Amino acid sequence: MDENTLSGAKALSAEGRKTLLSVSLRYNALFAEIDRKDLALPQEITPEVSAFLLTLSDKGYILEEDLLKALCFKADSQILEEITQVIDKALGIGLNWMPLVKGWTVPTGESWIDHCITFFANFFPNNMSGTTLPCGHFIPDGTFPLERYNGCPFCGTPFKTSGFVYKGQGSKKKLLRLMTLEDLQKLKVSLLESTVPLDAGQGESLRSLIEVFGFDGCEKVEMKETRLIVADALLAKAESDDDIKRVGNLFSSPADILRYLWYKKTGRLQIIEPKTLIAHAGRLNSHLISALDKKAEAAEKKKRELKLKYDRRMCRAVALWLNSLDMDAEQACEIMHPKRGMWVRMIRALRLGEYSRKPGYERLAKLLDTFYKDDYSVWKGQLDKCLGINCGCVDYTKALELLKQRPGTFARSLFAIMLTMGPKLALDAFRQIMDKVPPRLILSLANAADLYFDTEAVRIARPLTGSTKTIDHNKKLENFTPEQRDKMRRSVWGLYKEALTRRFKTEDLSKTNGKIFIDKALFDIPVSVGDRSASIQDASAALQGTRFIVEGDSVRLFLQWGKGLKAQHLDMDLSAAICFADGHREDCAYFNLVAPGAKHSGDIRNIPDLVGTAEYIELSLPELQEAGARYVAFSCNAYSHGAISPNLMVGWMNSANPMSVSNDTGVAYDPSTVQHIVRIAEGNLSKGLIFGILDVEQREITWLEMPFTSQVVTQMNTSALSSLLRRLRNKLSVGELLTLKAEAQDLTPTETPEEADESLRYTYNWALDASAVSKLLG
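Residues numbered from 1 in each chain as written. Predicted model: local features only at pLDDT ≥ 70, side-chain atom pairs only at ≥ 80, totals over all residues. Heavy atoms only, no water.

1. Overview of empty space enclosed by the protein
It is the rolling of a water-molecule-sized probe over the atoms that shows where space remains empty.
Next, step 1: Taken as a whole and judged by the stated rule, the model has two cavities of 30 Å³ or more.
Next, step 2: Estimated volume of the largest cavity: approximately 160 Å³.
Next, step 3: Of all elements in the fold, only helix H8 (200-213) and strand E9 (535-536) reach the threshold of two or more residues within the lining of the largest cavity.
Next, step 4: No other element matches the three residues that H8 contributes to the lining of the largest cavity.
Next, step 5: For the lining of the largest cavity, the per-class residue count stands at seven nonpolar, six polar and two charged.
Next, step 6: Looking at the second largest cavity, its volume works out to about 40 Å³.
Next, step 7: What lines the second largest cavity is simply Tyr61, Leu91, Lys174, Ala539, Ser540, Pro671, Val674, Gln675, His676 and Ile677.
Next, step 8: For the lining of the second largest cavity, the leading source of residues is strand E21 (residues 674-680), giving four residues.
Next, step 9: Looking at the lining of the second largest cavity residue by residue, the class counts come to six nonpolar, three polar and one charged. (1 Å grid on protein atoms, 1.4 Å probe; cavity = no way out; pocket = protein on both sides within 12 Å on 5 of 7 lines; lining within 4 Å. Points joined across faces, edges and corners; volume = space filled by probe spheres on them. Helix = DSSP H or I, 4+ residues; strand = E, 2+ residues; numbered from the N terminus. Nonpolar A, V, L, I, M, F, W, Y, C, P; charged D, E, K, R; others polar.)

2. As for the layout of surface pockets
Next, step 1: Each pocket or cavity is described by its volume, and for the second largest pocket that value is around 1200 Å³.
Next, step 2: Taken together, 25 residues line the second largest pocket, and the ones lying closest to its centre are Arg177, Glu758, Arg761, Thr763 and Trp766.
Next, step 3: At the level of elements, strand E5 (174-179), helix H7 (181-192), strand E25 (761-762) and helix H29 (764-767) are the ones that each hand at least two residues to the lining of the second largest pocket.
Next, step 4: Examining the composition of the lining of the second largest pocket, we find that five residues originate from one element, H7, more than from any other.
Next, step 5: Partitioning the lining of the second largest pocket into residue classes produces nine nonpolar, five polar and 11 charged.

3. Things to note about unusual backbone geometry
Next, step 1: You will see that leucine 610, though not glycine, has its phi angle at about 70 degrees, which is positive.
Next, step 2: Inspection of the secondary structure assignment puts leucine 610 in the loop between strand E17 (606-607) and strand E18 (611-620).
Next, step 3: Positioned with a positive phi, aspartate 746 is a non-glycine residue whose angle comes to about 55 degrees.
Next, step 4: Take aspartate 746: it is sitting in the loop between helix H28 (734-744) and strand E24 (748-749).

4. A few points about the sheet that holds strand E8 (residues 515-518)
Next, step 1: With respect to topology, three strands assemble into an open sheet ordered E24-E8-E25, the strand pairing being parallel. Two strands close off the open sheet at either side, each with one partner strand: E24 and E25.
Next, step 2: With two bridges joining them, E8 and E25 adopt parallel strand pairing. Across the sheet, residue phenylalanine 517 finds its bridge partner in E25, namely arginine 761. (Pairing = 2+ DSSP bridges.)

5. Regarding the sheet that holds E9
Next, step 1: What the seven strands build is an open sheet, ordered E9-E21-E20-E11-E18-E16-E15; its pairing is antiparallel. Whereas interior strands pair on both sides, the edge strands pair on one side only; in this sheet they are E9 and strand E15 (594-595).

Structure, rendered in C-alpha cells:
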C-alpha cells in the first residue's frame, strides 16, 4: 500500500469507515483498515472478536481466514460495533417485523362477508354488539377473531410493533471476505471504467467511494451515465471557473450536458422527456375507485416540479461547458436536434443568450445562432430519405453508407435492416464496421435474436418509466420462411462469436501459465448486459437471472416498508402469483390470504411511526407440487397513490431447518435464513415489481426485476413474465463467455483456483463485480 493510501486510512472518520463497510458488504466482504502484509503476523482471537463471531453466526455469516485475522489485529469494540450497525441496517434488524396476524400460518378464517358486515356496522345505524378498536372502527361479534390480530382487521392499522427477530435458523452461512482500502480503491476504478451502465447499487457504491476517496481527474470514465455521477461530485466542490471547466471535460457533446442537467432535475441518469414524466405521474396516481383517483392533480404537480429555474452559478457553468466543446456549431446542433424542445426551454432558463453576448463566449454565440436559424443538416433525415420514409425514392447503398458512419445506430437497428434490405446485404455491410461496435452491444443482439426472429414468441420492452410492455413480432418476418428466420438468428450468433473470438485473440497472455479456472456457479449467472437493476442489494450481490437452489420444503417471502416515515396511510402489498400446469392462475394476496400451497400474513394499509411494518407469504413446495403448480411469481406493488415506497425492502427466506412463526406477535423474520434481499432506490418510477420466480419442479428461484404499473397483482401480465424468464434463461452465462475465452486463447481449464494463473481465476466472488465481468467484453 502506498503512502497516500496509508494517509487516507489514518484520515478515515467513523462515518467514513461505515460508508466503506456498507460498500464492501454489497460484495460479500467487510472492510478493515489493514495492510495485507500484516496478516502474516501471529494473532489471537480476543474475547470481543469471539463474541462478535457468535453474533455474526446468528445472522447467517461466517468469516474467511484473512478477515478473521484482520479483525483480531485491528478491531476494537468501536469498530466491531460499527460493523454490527452496518449489517443490522442492511438486514433491517431493529425495524418492526410484526405483521397484522399472530401465528398467521394458521388461517383466521376471515372472508369478504366479515368485511361487508363490518362495513355496514360502521356506516349504518345498528344494534350490533362488538368491540370498538383504537382506530375507531367497530368490529361486530362473530366476524373477525380479534385475539388473533395485532391491529384492526378492517382498515389494516397496526396497534403494536416489535423489534424482535429470530436468529440462527439458517442452514447455510454466507462467507464474508476481507476488503482493504486498496481493494476498495480498485473497486472505484473498476466502476469508473465499467463499459456497461451501472445499476442502482453500483451507482450508490460509486458515489460513496468518491465521497471517501475523491476523484483526481486522471481516472478514465467510460460510460456517459457514470460521468454524471462523477460530475455531480466534482461540481459540488468547484469554486473557480477553472474548476467548472474541469468538470466540463467529462462532457463531450451537448447531449452529455443536457443529460446532466436533467439528471439534476429528475434524479434519473437517462433523459425522459417532460411530457412522458407528466403522463406517467398521472398513471401512478390513478385508482381503481374513481372517487380516489388523483391522476389530474398528480400530473399538474409533476408539471410544476419540472419547471426550470437555475441560479447564476449553474448558468455560468453550462455556458462555459458549451463554449468549450471541441466540435463545430453544425455538428453540435445536429446532436441537439432530437431534443430541440427541451433545449429551447434550457437555453431560456439558463440565460445562455445573455452569456453569448459577453466577451470570450463567441463559440457559444455561434452555436445559438446556428441552432435558432436551423442552419444545419440532420443525419437521421438523410437516412429516412434513403430508406424511402415519407417519399417513394429508395437508395439502400447510400443508406448503408450512412449507417456505417454511426456504428452504434447500425447495430441497434440491425434486425430491422436485415428484414428490409435482406440479411446478406445488411450483414456484409455490418461486418465492415463490426470492430467499431462495443462487444457488449453485439452480445445484446445475440441475446435478443432468439425472441426477435420467432414469430410465436412474446417480446417485451421496458421503458425508462418503470413498466413492462409486450410487443408483437415484426410483420416483415412473415415474408421469410421458418428456415430463413432460423438462419438469420444463427447468423447473428455467429457475429457475436466472431467478434468476441477476435477480441480474445488480441490479448497478451505470454506472462501467464496458460491455465484458467472457471467456477461452476458462473454457468448459472447470465452476463449482465441490457438488464439494469433499479434496486439496491445492501447485504449481497446477484446479477439478474441468477438461480438460487431451494433448501427445505418452504420459501418465505417478506416485505418491509415505512422505515423513517411518520405514521400514515401507505399501502404496499406482497403477492404471489401461482401458475398451474393446466394454464390457470391463482393469486395469494391481500384479497386471497390462502391459496393452494400459500398463506398470507394479512393486509396492512397504515404504517406506524418510523419503524415500518411487514407482510409475509409462506410457500409450501410439497403442497404446490401436489396442486400441480409450475411456477410462482413473487411481486410487490403500491396500492396507495404513487410509486413503490423508497427504501422498501423485499426478498425471500429459505432454510433446510424449520423456520418459526411467533404465535404471540406473528414475527417470522430471521436474517440468517435470508437468501436474497433488495432495497428499492430513491427515484423509482415503478408501481409494482416482480422480484423472483420459483420453479416448483426444479426447486430453484430465479432472481429478476420486472417492473409493472398495475395497482394490484391481478393486472400483472403473465405472458410478459414468461417472456422475460425465457430471455434470462437463454442469455449467455458468464461461464459460457469464459469458456469461449478459453477456447479462443487455447487455455487449459483447471479444477481448483490455485492451479490456474492468478489473473485467470474466475470465481463466484469475482463475478459479483459486474464491472469486472464487463471488461471481458472490452
